[in-house]
Amino acid sequence: MTRSQRVRSKALRVASDLFYANGVRAVGMDQIVDTSGIAKTTIYRHFPTKDMLIEAFLQAEDAEFWHQWDQTVSGADAGIGELEALCRWIGDRVRRDGYRGCPQINVAAEFADYDHPARAVARAHKAEMLRRLTSICARTGVSNPSVPALQISLLLDGAFMSDGRLNGVDAPAVLIQAVRRIVTSG
């Protein structure tokens with residue numbers, strides 16, 4: 001990795017931590033400069049606008065999320081086994097210390113402009129989730145898998161935004177039970 005790539009990576013990592021902890025609108029470029037120790041001109045060389053930095057943050061979060069998703073379902077039995085594996089992963093994920101919800105949902109909520117680059121990344125992320133869930137639901141044998149997939153995606157988005165309400169319960173079990181009901185009623 002070149003020095004330039006290391007600097008870009010550090011700027012993105014620091015910005016990402018600050019954005020996730022505080023919200024993107026609450027974090028200014030000066031705070032990113034102060035925290036990272038990287039000159040503002042250097043950061044702007046890699047990310048010409050704050051919006052481009054926000055977009056890069058969401059793209060990195062998106063890539064990491066799908067990497068973890070793929071690892072989660074890779075060893076599971078097709079269909080309901082994949083859904084249960086995802087429920088265990090997400091149930092554990094939402095109970096982590098410092099968990100503040102889905103970065104895509106959080107950032108999209110901060111921008112009213114539908115065409116903002118952050119909203120586009122968030123929409124693509126949620127569309128990919130629905131696509132993947134539809135494929136999994138098809139492997140369960142349900143008819144019209146798009147309906148239970150949409151229901152499950154809404155359930156998972158609710159879990160992502162649960163704001164600690166799943167901390168005092170067995171969150172994976174709650175999600176598995178709900179997903180089983182959705183799949184068996186479809």
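Residue positions are given per chain, counted from 1 along the sequence in the order it is written. With the structure being a predicted model, the display of local features is reserved for residues of pLDDT at least 70 and the display and counting of side-chain atom pairs for 80 or more, all residues being used for whole-chain, interface and lining totals. Side-chain metrics rest on all non-hydrogen atoms present in the structure, leaving aside hydrogens and water.

Peer 1: Looking at this structure, I do not really get the overall build of the chain. What am I missing?
Peer 2: Helix and strand content of the chain: 9 helices and 0 strands. Starting at the N terminus, helices and strands are each numbered in turn, a helix being any DSSP run of H or I of at least four residues and a strand any DSSP run of E of at least two. Mapped in sequence order, the helices and strands of the chain form the string α-α-α-α-α-α-α-α-α. Projected onto the principal axes, the alpha-carbon positions of the chain cover approximately 55 × 35 × 30 Å. Here the chain holds 186 residues, and the buried ones make up 45% of them. Accessibility here uses a 1.4 Å probe with only protein chains present; expressed as a share of the type maximum, an area under 20% marks a residue as buried, one over 50% as exposed, and anything in between as partly exposed.

Peer 1: Help me understand the layout of surface pockets, please; the structure alone is not making it clear to me.
Peer 2: The gaps of empty space that remain are located by a probe, the size of a water molecule, rolled over the atoms. Points on a 1 Å grid, built from protein atoms alone, make a cavity when a 1.4 Å probe fits but cannot get out and make a pocket when they are open with protein on both sides within 12 Å along at least 5 of 7 lines; residues with an atom within 4 Å of a point are the lining residues. Grid points are joined across faces, edges and corners, and a volume is the space filled by probe spheres set on the points. Each pocket or cavity is described by its volume, and for the largest pocket that value is around 330 Å³. Forming the boundary of the largest pocket are 19 residues, of which A60, E61, E64, R93 and P103 lie nearest the centre. When grouped by side-chain class, the residues that make up the lining of the largest pocket number 8 nonpolar, 5 polar and 6 charged. Following the grouping adopted for this structure description, the nonpolar residues are Ala, Val, Leu, Ile, Met, Phe, Trp, Tyr, Cys and Pro, the charged ones are Asp, Glu, Lys and Arg, and the polar ones are all others, Gly among them.

Peer 1: Would you mind going over helix α9 (residues 171–185) with me for this structure?
Peer 2: In an α-helix, one full turn covers 3.6 residues, which means residues spaced three or four apart are oriented alike. Multiplying 1.5 Å by the helix residue count minus one yields the expected span of that helix. Taking 1.5 Å per residue as the helical rise, α9 with its 15 residues ought to reach 21 Å, and the 21 Å between its terminal C-alpha atoms agrees with that figure. Looking only at α9, the buried set comprises A171, P172, L175, I176, V179, I182 and V183. For α9, the buried positions fall inside an angular range of 130° around the axis, keeping them on one side. In α9, those exposed residues whose orientation departs by more than 90 degrees from the buried face are R181, T184 and S185. Each direction from the helix axis to a C-beta atom contributes to the arc, which is the arc of those directions.

Peer 1: Just checking my understanding: could you explain empty space enclosed by the protein for this structure?
Peer 2: Enumeration over the complete set of coordinates arrives at 1 cavity of 30 Å³ or more. Here the largest cavity is characterised by a volume of approximately 40 Å³. Lining the largest cavity we find F19, Y20, G23, V24, F57, R100, P103, N106, V107 and E110. Of all elements in the fold, only α1 (3–22) and α6 (103–110) reach the threshold of two or more residues within the lining of the largest cavity. A breakdown of the residues in the lining of the largest cavity according to their chemical character gives 6 nonpolar, 2 polar and 2 charged.

Peer 1: When you look at unusual backbone geometry in this model, what are you seeing that I'm missing?
Peer 2: The general pattern is negative phi for most residues beyond glycine and trans for most peptide bonds. The phi angle at N144 is positive, at roughly 55°, despite the residue not being glycine. In this fold, N144 is placed in the loop between α7 (117–140) and α8 (146–160). Take N144: its relative accessible area is 47%, and that puts it in the partly exposed class. The backbone of D163 sits at a positive phi, close to 50°, despite the residue not being glycine.

Peer 1: I would appreciate a short explanation of the packing of aromatic side chains in the present structure.
Peer 2: Only Phe, Tyr and Trp rings take part, Trp by its six-membered ring, and two of them pair if their centres are within 6.5 Å. Stacked means planes under 30 degrees apart, edge-to-face means over 60, and tilted covers everything else. A complete count under the given rule lists 7 aromatic pairs for this structure. Ring geometry for F19 against F57: centres 5.6 Å apart, planes inclined by 65°, an arrangement best described as edge-to-face. Of this pair, F19 sits in helix α1 while F57 sits in helix α4 (residues 50–74), placing them 38 residues apart in sequence. The exposure classification of F19 matches that of F57, with both residues buried. Seen from their ring centres, F65 and W89 are 5.0 Å apart, and the 45° between their planes marks the pair as tilted. Placement of F65 in helix α4 and of W89 in helix α5 (residues 80–93) is noted, with a sequence separation of 24 residues between them. Three or more aromatic residues joined by ring pairs make a cluster, and in this case those are F65, W66, W69, W89 and F160. Charge-over-ring placement is defined geometrically: NZ (Lys) or CZ (Arg) within 6 Å of the ring centre, and within 35 degrees of the ring normal. Between R123 and the ring centre of Y114, over which it is positioned, the NZ or CZ distance is 3.8 Å.

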